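Chain residues, written in single-letter form:
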Amino acid sequence: MQSPHIPVLLQEVLDTFNDFDNGDFLDCTLGYGGHSKALLQAHEKLKLIACDKDLEALKFSKDFLKKFQDRISFNHMGFKEILTQIPTQNLRGILADIGVSSLQLDKNDRGFSLNSDFLDMRMDQNNPLSAKEVVNSYSKEALEQILKDYGDLAPVASMLAQKIINARSQKEIVSAKELSQIIGNAKLKGRNISLALLVFQALRIEVNDELGELKSLLESIEKANLKNCKLAIISFHSLEDRIVKNTFKRWEKDCICDERAIRCECGKNHSLGKILSKKAISASKEEIGYNSRSSCAKMRIFYFR
């Protein structure tokens, strides 16, 4: 059985956890099981805690990973919740790939792609907020803000928001295909990506509260009091990567006194561990050649002592 999704940075993930001996491993974003299968094959003593909020992905992965079923527990929930629901004392590895899977992007009824007949973009089908609701009910100011914040579209955000407002005043926008036609296929000066793709990115982040979910995951990891555990996070957006980078820096700091303080008064014993990736790890040219979606992927690694 083949997975319909090509996992990004697969060799880099295997290299990151090549010293895994035994214990529990948490895949916060199981998806279609590519990373987990490779890790289960590489480490016979690894016990996998698998988590995903997409029921379709969980159903597929239960079958895809059937031969390892005695070493896996499956959990249907968002990754921001999983660490409060599992024992963590034997947790030795955590992986979070917070991108959208290729199957979600390509499947027509999920409404992620530019040519979809639907306008959905929910990773969790139980989420009451869809892209259709955002596009048809948000004010111009709100649309403009998410296009600026999540789409890096500041120079044209007002114009694009007005385009959406004008179109929906004539009729409800019901498909991604309609929306992409409204936006058009122009590109920002100096950038080789269409405005429509950036608009869709912004909508997806808004619908799924992706930055809020990432912050919540990092907060739950910080509170888990992990020891001898390696964490790898793969992100696909500069805002996500910045959150991970800055959080890892804060976790590594011994001193948490105000920078204006004359002398340290905190005891300089607040470091949770060590950053193992001073620079973000990116996909090789070879990987980008056979999986173009890996071109935006960045992985950062932290070790909890």
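The structure displayed is predicted, hence computed values, not measured ones. Think of each chain on its own: its residues are numbered from 1, step by step along the sequence as written. Only residues with pLDDT of at least 70 are given local features in this predicted model, and only at 80 or more are side-chain atom pairs given and counted; all residues enter the totals for whole chains, interfaces and linings. Excluding hydrogens and water, the side-chain values take into account all heavy atoms of the structure.

### Notes on the environment of Phe236
Now for step 1: Residue placement: Phe236 occurs in the loop between β5 (229–235) and α12 (238–252).
Now for step 2: Here's how the labels work: a residue is buried when its accessible area is under 20% of the maximum for its type, exposed when over 50%, partly exposed in between, all with a 1.4 Å probe on protein chains only. For Phe236, a relative accessible area of 22% translates into the label partly exposed.
Now for step 3: Remark: the alpha-carbon pair of Phe236 and Ala297, spanning 61 residues in sequence, is separated by 4.7 Å.
Now for step 4: Once residues lying within four places of it in the same chain are set aside, the contact partners of Phe236 are Val8, Asp97, Ile98, Gly99, Arg293, Cys296 and Ala297. Strands here mean DSSP runs of E at least two residues long; helices mean DSSP runs of H or I at least four residues long; both are numbered from the N terminus. Contact definition: two residues touch when any of their heavy atoms are within 4.5 Å.

### Topic: unusual backbone geometry
Now for step 1: Residues other than glycine seldom take positive phi values, yet Asn225 does so here, at roughly 55 degrees.
Now for step 2: Its place among the elements puts Asn225 in the loop between α11 (210–223) and β5.
Now for step 3: A residue is classified by how much of its surface remains accessible, and Asn225, at 56% relative accessible area, is exposed.
Now for step 4: Positive phi, close to 50 degrees, is recorded for Asn228, a residue that is not glycine.
Now for step 5: Structurally, Asn228 is set in the loop between α11 and β5.

### Some words on the packing of aromatic side chains
Now for step 1: What counts as a ring pair is set by centres within 6.5 Å for rings of Phe, Tyr and Trp (its six-membered ring), and what kind of pair is set by the plane angle: stacked under 30 degrees, edge-to-face over 60, tilted for all other angles. Scanning all chains against the criterion turns up nine aromatic pairs.
Now for step 2: A connected cluster of aromatic rings, assembled from ring pairs, spans Phe248, Trp251, Phe302 and Phe304.

### Remarks on the pattern of salt bridges
Now for step 1: Salt bridges, as used here, are contacts in which a Lys or Arg side-chain nitrogen is within 4 Å of a carboxyl oxygen on Asp or Glu. Inspection of the entire model under this criterion finds 14 salt bridges.
Now for step 2: Residues Arg204 and Glu210 are paired through a salt bridge, measuring 2.7 Å at the closest nitrogen-oxygen approach. Accessibility classification places Arg204 together with Glu210 in one group, the buried group.
Now for step 3: Among the charged side chains, a salt-bridge network with shared partners connects Asp54, Glu56, Lys107 and Arg110.

### As for the pairing of strand β3 (residues 72–76)
Side-chain direction in a regular strand flips from residue to residue, so the side chains alternate between the two faces of the sheet.
Now for step 1: Pairing between strands is defined by DSSP: at least two bridges between them are needed. Relative to β3, strand β2 (residues 46–52) runs parallel, the two sharing five bridges. Across the sheet, the residue bridging to Asp52 is His76, located in β3.
Now for step 2: Seen with the strands pointing away from the viewer, any crossover whose path from the first strand over the helix to the second strand runs clockwise is right-handed. As a crossover connection, the stretch from β2 through helix α3 (residues 55–64) into β3 is right-handed.

### Comments concerning the UniProt feature "binding site: S-adenosyl-L-methionine" (unreviewed entry) in the chain
Now for step 1: UniProt positions are given in the numbering used here, feature names are shortened, and annotations may be inferred rather than shown by experiment. Following the UniProt record, one finds the feature "binding site: S-adenosyl-L-methionine" (unreviewed entry) at Gly33, Gly34, His35, Asp52, Phe79, Asp97 and Gln104.
Now for step 2: With respect to the helices, strands and loops of the structure, His35 is situated in helix α2 (residues 34–42).
Now for step 3: Judged by relative accessible area, which is 7%, His35 ranks as buried.
Now for step 4: With residues up to four places along the chain from it excluded, the contact list for His35 reads Pro7, Val8, Leu10, Val13, Asp27, Leu95, Asp97 and Ile234.
Now for step 5: For Asp52, the location among the structural elements is in strand β2.
Now for step 6: Taking the relative accessible area as the measure of exposure, Asp52 reaches 11% and is therefore buried.
Now for step 7: In contact with Asp52, other than residues within four places in its own chain, are Cys28, Thr29, Leu30, Gly31, Ala57, Leu58, Asn75, His76 and Met77.
Now for step 8: A distance of 2.8 Å separates the side chain of Asp52 from the backbone nitrogen of Asp54, its partner in a polar contact. In protein, a polar contact means a hydrogen-donor-capable atom and an acceptor-capable atom, both N or O and within 3.5 Å, with residues adjacent in sequence counting only if both atoms are side-chain atoms; elsewhere, any N or O pair within 3.5 Å suffices.

### Side note on the packing of α11 against α12
Now for step 1: Structural elements are reduced to axes, namely lines fitted to C-alpha atoms, with helices fitted over the stretch in contact, and the angle between N-to-C directions of any two is expressed from 0 to 180 degrees. Following both chains from N to C, one finds α11 and α12 inclined at 20 degrees, their axes separated by 10 Å at the closest point. In terms of orientation, α11 lies roughly parallel with respect to α12. Here α11 and α12 pass one another in a crossing that is right-handed. For the pair α11 and α12, contact is made by Glu210, Leu211, Leu214, Lys215, Leu218, Ile221 and Glu222 and by Leu239, Glu240, Ile243, Val244, Thr247, Phe248, Arg250 and Trp251, respectively.
Now for step 2: Along the lines of polarity and charge, the residues of the contact of α11 with α12 split into nine nonpolar, one polar and five charged. Working definition: roughly parallel below 35 degrees, roughly antiparallel above 145 degrees, roughly perpendicular at 65 to 115 degrees, and oblique for all remaining angles. For any helix crossing, the convention is left-handed if the near helix is rotated counterclockwise from the far helix by under a right angle, and right-handed if that rotation is clockwise. The classification used treats Ala, Val, Leu, Ile, Met, Phe, Trp, Tyr, Cys and Pro as nonpolar, Asp, Glu, Lys and Arg as charged, and all other residues, Gly among them, as polar.

### Some points on the pairing of β2
Now for step 1: The buried count for β2 comes to six of seven residues, which makes it a mostly enclosed element.
Now for step 2: Pairing geometry for strand β1 (residues 23–27) and β2, over five bridges, is parallel. Across the sheet, the residue bridging to Gly23 is Leu46, located in β2.
Now for step 3: For the handedness criterion, the β-α-β arrangement of β1, α2 and β2 is classed as right-handed.

### Observations regarding the nonpolar core
One broad rule of soluble globular proteins: the nonpolar side chains tend to lie buried together.
Now for step 1: Among the buried residues, those of types Ala, Val, Leu, Ile, Met, Phe, Trp, Tyr and Cys that are joined through side-chain atoms within 4.5 Å form a nonpolar core. By size, the foremost hydrophobic cluster in this structure holds 66 residues, and its most contacted members are Leu26, Leu153, Leu179 and Phe248.
Now for step 2: Broken down by element, the residue count for this core peaks at nine residues, all from helix α10 (residues 195–208).
Now for step 3: Split by domain, the residues of this core number at least three in each of domain 1 (10–103 + 211–304) and domain 2 (105–208).
Now for step 4: In this view, Leu153 contacts Leu147, Lys148, Leu160, Leu188, Leu195, Leu198 and Val199; residues no more than four positions away in its chain are not counted.
Now for step 5: Val13, Ala50, Ala57 and Ala297 belong to the second largest nonpolar core, which has 27 residues in total. Either an automatic procedure or a domain database provided the assignment from which the domain bounds are taken.

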